[in-house]
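Below, each chain spelled out in residue letters.
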Amino acid sequence: MRFMKRIHIFKQGKHTDRRGIAVDFTDSVLSESAASYDPAKHEAPMVVGHPKMDAPAYGWIKFVNFSDGNLFA
């Protein structure tokens with residue numbers, strides 16, 4: 001039996017990227033992101049040290065859902 005836990009990964013609102021560019025992530029953008037996630041096309045890794053992308057994967061994201069302004073994986 002595999003244990004799957006829902007983890008909060010992102011919230012709606014204005015976020016600033018590493019280049020200093022602010023982007024507003026609305027509920028509709030996050031809802032669309034969750035709906036379009038398809039692990040059959042690309043399964044996202046769970047890494048420590050984001051945004052470092054070469055860290056080892058400690059797991060793989062099986063689903064993404066949107067609820068009350070938040071993304072969960």
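Residues numbered from 1 in each chain as written. Predicted model: local features only at pLDDT ≥ 70, side-chain atom pairs only at ≥ 80, totals over all residues. Heavy atoms only, no water.

A. The pattern of salt bridges, seen in detail. Evaluated as defined, the whole model comprises 2 salt bridges. Between R19 and D17 there is a salt bridge, with the nearest N and O atoms lying 2.9 Å from each other. With relative accessibility at 65%, the residue R19 sits in the exposed group. For K62, the salt bridge goes to E43, with nearest N and O atoms at 2.6 Å. (Salt bridge = Lys/Arg side-chain N within 4 Å of Asp/Glu carboxyl O. Buried < 20%, exposed > 50% of the residue type's maximum accessible area, 1.4 Å probe, protein only.)

B. Looking closely at the sheet that holds strand β6 (residues 65-67). Spatial ordering of the open sheet is given by β1-β7-β6, a layout of 3 strands whose pairing is antiparallel. Two strands in the sheet have a free side with no partner beyond their single neighbour: β1 (8-11) and β6. Going from strand to strand, the sheet's axes swing by 30 degrees on average, the running direction of each strand aside. (Pairing = 2+ DSSP bridges. Helix = DSSP H or I, 4+ residues; strand = E, 2+ residues; numbered from the N terminus. Axes fitted to C-alpha atoms, helices over the stretch in contact; angles between N-to-C directions.)

C. Region of interest: the environment of F63. Its location among the elements puts F63 in the loop between β5 (59-60) and β6. Relative accessible area serves as the criterion here: at 27%, F63 is assigned to the partly exposed category. Sequence-wise, F63 and R6 are 57 residues apart; in three dimensions their C-alpha atoms are separated by 9.1 Å.

D. Representation of the environment of K11 in the model. Looking at the secondary structure, you find K11 in strand β1. Sequence separation between K11 and F25 is 14 residues, and the spatial gap between their C-alpha atoms is 8.1 Å. Not counting residues up to four positions away in its chain, the partners in contact with K11 are L30, G69 and N70. (Contact = heavy atoms within 4.5 Å.)

E. Looking closely at the pairing of strand β2 (residues 13-16). Across 4 bridges, β2 lies against strand β3 (residues 22-25) in antiparallel orientation. Residue pairing across strands places K14 opposite D24, the latter belonging to β3. Connecting β2 to the next strand, β3, in antiparallel fashion are 5 residues, including G20 with a positive phi near 90 degrees.

F. Layout of unusual backbone geometry. Its identity is not glycine, yet D68 carries a phi of approximately 50 degrees, on the positive side. In this structure, D68 sits in the loop between β6 and β7 (70-72). Take D68: its relative accessible area is 73%, and that puts it in the exposed class.

Purely geometric stuff here, so don't read any function into it on its own.
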